[in-house]
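Understanding the architecture of this molecule
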Amino acid sequence: MENFFNHLKRFLRICRVKDWLHYLGYVLLGCAISKNFNIFYFIVSSFMLAYAYSINEYYDKKMKKKYFLLPLLLSIFSLLFLFSLNLFSLVLSIFFLTIFTFYSWPKIWLEGKPIISTLTN
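One structure accompanies this document, and this report is about it. (Residues numbered from 1 in each chain as written. Predicted model: local features only at pLDDT ≥ 70, side-chain atom pairs only at ≥ 80, totals over all residues. Heavy atoms only, no water.)

Let us now look at the packing of aromatic side chains. This structure, assessed with the given rule, holds 10 aromatic pairs. Ring centres of Tyr58 and Tyr59 lie 4.9 Å apart, and the angle between their planes is 75°; this geometry places the pair in the edge-to-face category. Relative accessible area serves as the criterion here: at 13%, Tyr58 is assigned to the buried category. Relative to Tyr103, the ring of Phe100 has its centre 5.4 Å away and its plane inclined at 50°; by these criteria the two rings are tilted. Here Phe100 and its partner Tyr103 are both found in helix 6 (residues 87-104), 3 residues apart, which amounts to about one turn of the helix. For Phe100, a relative accessible area of 13% puts it in the buried group. The buried category is assigned to Tyr103, whose relative accessible area is 8%. Aromatic rings pair up to connect Tyr51, Tyr58, Tyr59 and Phe68 into one cluster. (Phe/Tyr/Trp six-rings, centres within 6.5 Å; stacked < 30°, edge-to-face > 60°. Buried < 20%, exposed > 50% of the residue type's maximum accessible area, 1.4 Å probe, protein only. Helix = DSSP H or I, 4+ residues; strand = E, 2+ residues; numbered from the N terminus.)

For helix 4 (residues 39-60), with 22 residues, the first-to-last C-alpha span of 32 Å sits near the 32 Å given by 1.5 Å per residue. The element helix 4 is extensively covered by neighbouring structure, given that 16 of its 22 residues are classed as buried. Backbone geometry just downstream of helix 4 places Lys62 in the positive-phi region, at approximately 50°. (Expected span 1.5 Å × (residues − 1).)

Grouped together as the largest cluster of nonpolar side chains are 23 residues, with contacts concentrated most on Trp20, Leu24, Tyr51 and Leu97. When contributions to this core are tallied by element, the ones reaching two or more residues are helix 1 (2-15), helix 3 (24-34), helix 4 and helix 5 (69-82). Among the elements that take part in this core, helix 4 stands out by supplying 10 residues, more than any other. The residues touching Leu24, leaving out its near neighbours within four places in the chain, are Phe42, Ser45, Ser46 and Leu49. Among the nonpolar cores identified, the runner-up in size contains 5 residues, and Ile99, Phe100, Tyr103 and Leu110 belong to it. (Core = buried A, V, L, I, M, F, W, Y, C linked by side-chain atoms within 4.5 Å. Contact = heavy atoms within 4.5 Å.)

Encoded structure:
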């Protein structure tokens, strides 16, 4: 059991949960403005943020294990199979996943382009 918690702790550190937790406030603000609160938005947003931060860690630290695959699969699974989103939300979610893949992927690496990096953040 201790081994499980060590892996979980490492996974949460790689996903940098403490660095993105405050971004869920934007989800709360959007729900308040649209008067459409749904816990699902927090779940999907958490998976997508975990993916964005973990893929960035993977490429920045040249890691061997692809921890970013779990949040990516959870994001895609929850978007497509568990819940029905409107088309706009689905397109926006896919756009987010694509932008953050390009942000960290060394072949495109938007993170290294000053103005584009600021816009994507």
